[in-house]
Amino acid sequence: MTITHIESDRDIARAAELAFAAHRALLEMHSFLPSRTLDDYAVRIGWMVREGTVFGAFEDDGLAAFLGYFKIENFRNAGPGGYSPDWCMGLAEGKEAARFFRQLMRSLLADADEAGLGIHAVSVYSSLNKIREEFSLTGYGGIVLDAARPVEDLAGKLAEYCLAEYRVAECRAGGTVIRPATAADASRLAALDAALASHIGAAPVLMPDTHGSSADEWRDWLSSDERRALVAVCDGEIAGFIKAEDPQFDVSYAVHSPDTFAIDGLYVDPRFRGNGLARQLLASLTNEARARGKSLMSVDCETMNPEAFRFWTRYFCPVSWSLERRW
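Worth saying up front: this structure is predicted, and the values here are computed from it rather than measured.

Engineer: Sorry if this is basic, but what is going on with the overall build of the chain here?
Structural biologist: Tallying secondary structure elements over the chain gives 9 helices and 14 strands in all. For the chain, the C-alpha radius of gyration of 21 Å lies close to 20 Å, the compact-globule estimate for 327 residues. When the 327 residues of the chain are sorted by exposure, 51% land in the buried category. Looking at the chain alone, contacts between residues at least 24 apart form 73% of all its contacts between residues at least 6 apart. Accessible surface computed for the chain: about 14,700 Å², of which carbon and sulfur atoms make up 47%. The chain carries 34 positive and 47 negative side-chain charges, and their two centres are separated by 5 Å.

Structural data, given as structure tokens:
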């Protein structure tokens, strides 16, 4: 086995074939995900060769595995780090993940360490569990799950919680209204967002330097028609919110599509929990997705956050797992 940089067009094409095979395996597990082409992967891996570093594991019969990464100046508020996205790795059929990825990790981590980085994170399609296991056995711990589910499937699952057209419904805490958030709600949304940030900054997540969006940032976010935030109002007080938009750069490539509505925030004030507000918010957002003609909903959550992880895995299917290692 030889570990070397991938640089030539020929080797980029070989790497794209391996990544595309991983994508096809993912589609076999979750046929509702957006389909890709071989060229989609070739373009992305070409970008990684230019902007980052791609290592290939070669044997006499060609490229057996590959892994690429690029640098991020401030990774998860913890300083400079390297990141390997789920679209930039692959393993040839019949090859052993342990044999090839242990050596690829050795080369990548040495390169990252020499560059002054102290963090490396990686996202792995759920179709590549053997590769994910090798990262886990090499000192990496889980940090984020990306998951998805078809809108119609999710709507059926949540039908009993749905408040059609944002009408009033009853919960154990009293009268509840689910309605679209407006600029007038910005201050309360900022307060809830700050509480969410405090929760993520505390044990067991312990993310450093967490902070929510300010009222001005909320007003700006709400001004876009491509975004939607809904609020749950209990007895006249905003008790929680959910928000979604088109997939942003930090969610898995597996869900990127104009047909995807990507959830990127949900929080319910602890005083109002236990009344099904999170489910009502999700059900109403699912109706919003249907009204927009979206066919897929996605979410990414901290795997270290037990409340969030338990909630989201009840309704969504894992498509990509993210892990990190610090030194």
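Engineer: What is the right way to look at the confidence of the model for the chain in this model?
Structural biologist: Segments scoring low in pLDDT should not have their predicted coordinates read at a detailed level. Per-residue pLDDT for the chain has a mean of 94; in total, 96% of the residues score no lower than 70. Here residues 164–173 is a poorly scored stretch, pLDDT under 50, and it has 25 contacts once near neighbours within four places are set aside; other chains count.

Engineer: Help me understand the nonpolar core in this model?
Structural biologist: Taken as a class, soluble globular proteins show a tendency for nonpolar side chains to be buried jointly. Formed by 51 residues in total, the largest nonpolar core has its most connected members in I45, F66, F101, Y125 and F135. Every element with two or more residues in this core is listed here: helix 1 (9–29), helix 2 (38–51), strand 2 (53–59), strand 3 (62–72), helix 3 (97–114), strand 6 (119–125), helix 4 (129–137) and strand 14 (317–326). The residues touching Y125, leaving out its near neighbours within four places in the chain, are A22, H23, L26, Y41, D86, W87, S252, Y253, A254, V319 and S320. Of all hydrophobic cores here, the second largest spans 33 residues; its members include V151, I263, F272 and F311.

Engineer: Sorry if this is basic, but what is going on with the environment of R99 here?
Structural biologist: Residue placement: R99 occurs in helix 3. With relative accessibility at 37%, the residue R99 sits in the partly exposed group. In this structure R99 touches M1 and E59, once residues within four positions along its chain are discounted. Separated by 2.5 Å, the side chains of R99 and E59 make a polar contact.

Engineer: Whenever I open this one, the packing of aromatic side chains confuses me. Can you help?
Structural biologist: How two aromatic rings sit relative to each other is given by the distance of their centres and the angle of their planes. Here the structure, examined in full by the defined rule, presents 13 aromatic pairs. Relative to Y41, the ring of F20 has its centre 6.3 Å away and its plane inclined at 55 degrees; by these criteria the two rings are tilted. With F20 in helix 1 and Y41 in helix 2, the pair connects residues that are 21 residues apart, well separated along the chain. Relative accessible area serves as the criterion here: at 17%, F20 is assigned to the buried category.

Engineer: Can you walk me through helix 8 (residues 277–291) in this structure?
Structural biologist: Owing to its 3.6 residues per turn, the α-helix aligns residues three or four sequence positions apart on the same side. Look at helix 8: 21 Å from first C-alpha to last across 15 residues, which is about the 21 Å you get at 1.5 Å a residue. Counting buried residues in helix 8 gives 11 out of 15 residues, a clear majority hidden from the surface. Among all positions in helix 8, only L277, A278, Q280, L281, L282, A283, S284, L285, T286, E288 and A289 are buried. Trailing helix 8 by a residue or two, G293 shows a phi angle of about 80 degrees, which is positive.

Engineer: Even after reading the chapter, I still don't get the packing of helix 8 against helix 9 (residues 306–315), so can you show me in this structure?
Structural biologist: Think of two packed helices as two axes; the pair is described by the angle between the axes and how far apart they sit. At a minimum axis separation of 12 Å, helix 8 and helix 9 run at an interaxial angle of 45 degrees. Considering the angle they form, helix 8 stands oblique to helix 9. Helix-helix and strand crossings are classified by hand; for helix 8 and helix 9 the assignment is right-handed. Counting all contacts with helix 8, which are made through A278, R279 and L282, the residues of helix 9 involved are F311, W312, R314 and Y315. Each residue belonging to the contact of helix 8 with helix 9 can be placed in one class, and the counts come to 5 nonpolar, no polar and 2 charged.

Engineer: Where do I start with the side chain of T260 in this structure?
Structural biologist: Structurally, T260 can be placed in strand 12 (residues 260–268). A residue is classified by how much of its surface remains accessible, and T260, at 0% relative accessible area, is buried. Here the side chain of T260 touches V255 through a polar contact of 2.8 Å, landing on its backbone oxygen. Other than its neighbours up to four places away in sequence, T260 contacts E245, D246, P247, V255, K294, L296 and S298.

Definitions and limits used
- Residues numbered from 1 in each chain as written.
- Predicted model: local features only at pLDDT ≥ 70, side-chain atom pairs only at ≥ 80, totals over all residues.
- Heavy atoms only, no water.
- Helix = DSSP H or I, 4+ residues; strand = E, 2+ residues; numbered from the N terminus.
- Rg over C-alpha atoms; globule rule 2.2 N^0.38 Å.
- Buried < 20%, exposed > 50% of the residue type's maximum accessible area, 1.4 Å probe, protein only.
- Contact = heavy atoms within 4.5 Å.
- Areas by Shrake-Rupley, 256 points an atom, 1.4 Å probe, with all protein chains shown as cover.
- Lys, Arg positive; Asp, Glu negative; His and termini not counted.
- Charge placed at Lys NZ, Arg CZ, Asp CG, Glu CD.
- pLDDT = per-residue confidence, 0-100.
- Core = buried A, V, L, I, M, F, W, Y, C linked by side-chain atoms within 4.5 Å.
- Polar contact = N/O pair within 3.5 Å; in protein donor to acceptor, adjacent residues only side chain to side chain.
- Phe/Tyr/Trp six-rings, centres within 6.5 Å; stacked < 30°, edge-to-face > 60°.
- Expected span 1.5 Å × (residues − 1).
- Axes fitted to C-alpha atoms, helices over the stretch in contact; angles between N-to-C directions.
- Parallel < 35°, antiparallel > 145°, perpendicular 65-115°, else oblique.
- Left-handed = near helix turned anticlockwise from the far one by under 90°.
- Nonpolar A, V, L, I, M, F, W, Y, C, P; charged D, E, K, R; others polar.

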